[in-house]
Amino acid sequence: MSKIINLKGKFFPVVGRALRWHFRHYLLRKDSPLMATLLLTNRCNLKCKMCNLWKDPKKNTLAPKVFKQAIDDLSLLGCAYVSFGGGEPMVVKDLFSYLSYAAARIPFVNMVTNGQQLDSRAVRELAKTKMDMVSISIDGLRETHDEIRGIPGSFEKAIGAIENLKRYAPGIGITVNTVISPWNVDELLELSDLIEDLGVLHKFQPIFHHPVFEGQVIQDADWQMTAPKIERLREIVRVLRRRKSVANSAYFLSSISTHFTSENRGRLFKERCKSVHFYCEVREDGRLFVCTEGMGWKGGFNLFDHTLKEVYYSLDYRKTAKRLRDCKRCQKVLPICYMEPRIAFPVTSFIKYTVIPSLFS
Ligand SMILES: C[S@@+](CC[C@H](N)C(=O)[O-])C[C@H]1O[C@@H](n2cnc3c(N)ncnc32)[C@H](O)[C@@H]1O
Ligand code: SF4
Ligand code: SF4
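Conventions and cut-offs
- Residues numbered from 1 in each chain as written.
- Chains lettered and ligands numbered in written order.
- Predicted model: local features only at pLDDT ≥ 70, side-chain atom pairs only at ≥ 80, totals over all residues.
- Helix = DSSP H or I, 4+ residues; strand = E, 2+ residues; numbered from the N terminus.
- Rg over C-alpha atoms; globule rule 2.2 N^0.38 Å.
- Buried ≥ 20, exposed ≤ 12 C-beta atoms within 10 Å, placed from the backbone.
- Pairing = 2+ DSSP bridges.
- Near = placed C-beta within 6 Å.
- Nonpolar A, V, L, I, M, F, W, Y, C, P; charged D, E, K, R; others polar.

Further remarks concern the overall build of the protein chain. Per the secondary structure count, the protein chain includes 17 helices and 9 strands. Taking 2.2 N^0.38 as the reference for a compact globule, 361 residues should give roughly 21 Å; the C-alpha atoms of the protein chain span a radius of gyration of 19 Å, in line with that estimate. Expressed along its principal axes, the backbone C-alpha trace of the protein chain runs to roughly 50 × 50 × 45 Å.

Next up, the structure:
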């Protein structure tokens with residue numbers, strides 16, 4: 001986490017807002033969304049076998065009015081980091097204007113993409129938005145990646161996207177996201193070598209089961225991590241922990257192989273979930289979630305009826321957040337987008353999960 005924020009010279013604006021969050025939370029007893037994710041659409045141009053989002057029969061893209069109001073409110077409430085995801089954010093028609101709008105108001109703007117549409121023209125447009133970071137998903141070497149992602153040629157395009165970003169948008173940081181699955185364990189180290197040679201950061205996320213949406217045709221990929229694969233993964237993680245290009249925290253990496261044996265359950269975080277006090281999510285249909293995973297992808301607060309600020313300070317929202325403090329879902333799923341912030345933030349967790357383990361490693 002800190003490797004990523006540091007990288008872009010955004011350390012001071014981000015840390016300034018983080019300090020303000022501590023002041024409000026501990027002294028004024030008020031929460032604010034320091035970090036947010038905006039899932040812009042559930043449409044996609046790939047058909048990944050571990051992902052259920054593209055199979056959702058109800059297609060939506062976040063309404064521009066809701067988007068702008070959400071960014072205005074997040075900025076007002078002291079948000080330091082916004083990540084755009086989906087579905088595939090690059091298929092959204094007005095994406096570049098969305099990114100520009102966010103980058104003018106929020107210190108650090110990230111986008112998670114499959115990289116299929118990042119040709120030289122698109123990357124030049126991206127550079128103009130002044131966004132900070134692009135995270136490109138690559139799940140294996142050529143054949144494996146194309147097999148997992150469901151479309152031949154997708155590996156070539158994702159690598160091309162990295163090359164275009166380095167050439168035409170040198171101000172934008174690049175990370176690669178890899179989902180660890182039974183299909184790619186044997187080539188993770190070779191993939192890590194490749195990403196290191198490209199000179200970009202690399203993050204790993206173990207596979208988990210996505211929800212099955214109402215009316216969805218179930219095409220769940222049947223996957224299971226066998227004991228020999230888990231053993232191999234343990235050795236791989238030991239190597240990854242020493243690599244400078246690997247952006248995961250040591251604590252997250254050490255939880256990866258035990259994740260597949262269910263040893264993590266109840267072990268990772270002893271304290272209640274703090275994420276509910278500093279994080280929120282907006283989904284493509286205009287619903288605000290304290291945490292999509294924690295709320296089981298159900299419910300949410302409608303941003304067509306009320307602004308994000310109104311909802312955020314409503315009694316219902318605060319009640320939901322309070323209830324979710326006892327959620328243990330992270331331990332079961334190990335989702336990088338919730339886990340890494342919880343490992344690095346707030347300062348009490350940073351000391352417990354980052355500073356102290358580093359003294360003994
Ligand atoms: C849902 S995608 C949205 C952004 C974009 N379409 C992409 O693929 O990068 C966000 C991230 O979730 C990852 N992901 C998808 N299915 C997953 C699963 N079943 N378990 C863990 N991560 C998953 C993707 O590889 C990607 O890095
Ligand atoms: S992981 Fe991303 S690219 Fe793959 S189907 Fe899901 S949303 Fe699309
Ligand atoms: S424990 Fe994890 S999944 Fe549950 S509310 Fe907290 S961050 Fe979300």
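From this point, the narrative continues.
The side-chain alternation of strand β7 (residues 279–282) yields two buried faces, one formed by Y279 and E281 and the other by C280 and V282. For strand β1 (residues 35–39) and β7, the ladder comprises 4 bridges, and the chain directions are parallel. When the bridges of β7 are listed, M35 appears paired with Y279. In this structure, β7 lies alongside strand β8 (residues 287–289), joined through 2 bridges in antiparallel fashion. The residue bridging V282 from the neighbouring strand is L288, located in β8.

Before going further, it helps to examine the site of ligand 2. By nearness alone, every residue bordering ligand 2 is listed as C44, L46, K47, C48, C51, L53, W54, G86, G87, E88 and N114. Taken together, the residues of the shell around ligand 2 break down into 6 nonpolar, 3 polar and 2 charged.

With that out of the way, let us pick up unusual backbone geometry. With omega at -5°, the peptide bond leading from F345 into P346 counts as cis. Structurally, P346 can be placed in the loop between α16 (336–344) and α17 (347–360). The residue K130 is not glycine, and still its phi comes out positive at about 65°. If you trace the backbone, K130 turns up in the loop between α5 (120–129) and β4 (133–137). K130 sits in the partly exposed class, given 14 other C-beta atoms within 10 Å. Even without glycine at this site, W297 takes up a positive phi of about 65°. Take W297: it is sitting in the loop between β8 and β9 (301–302).

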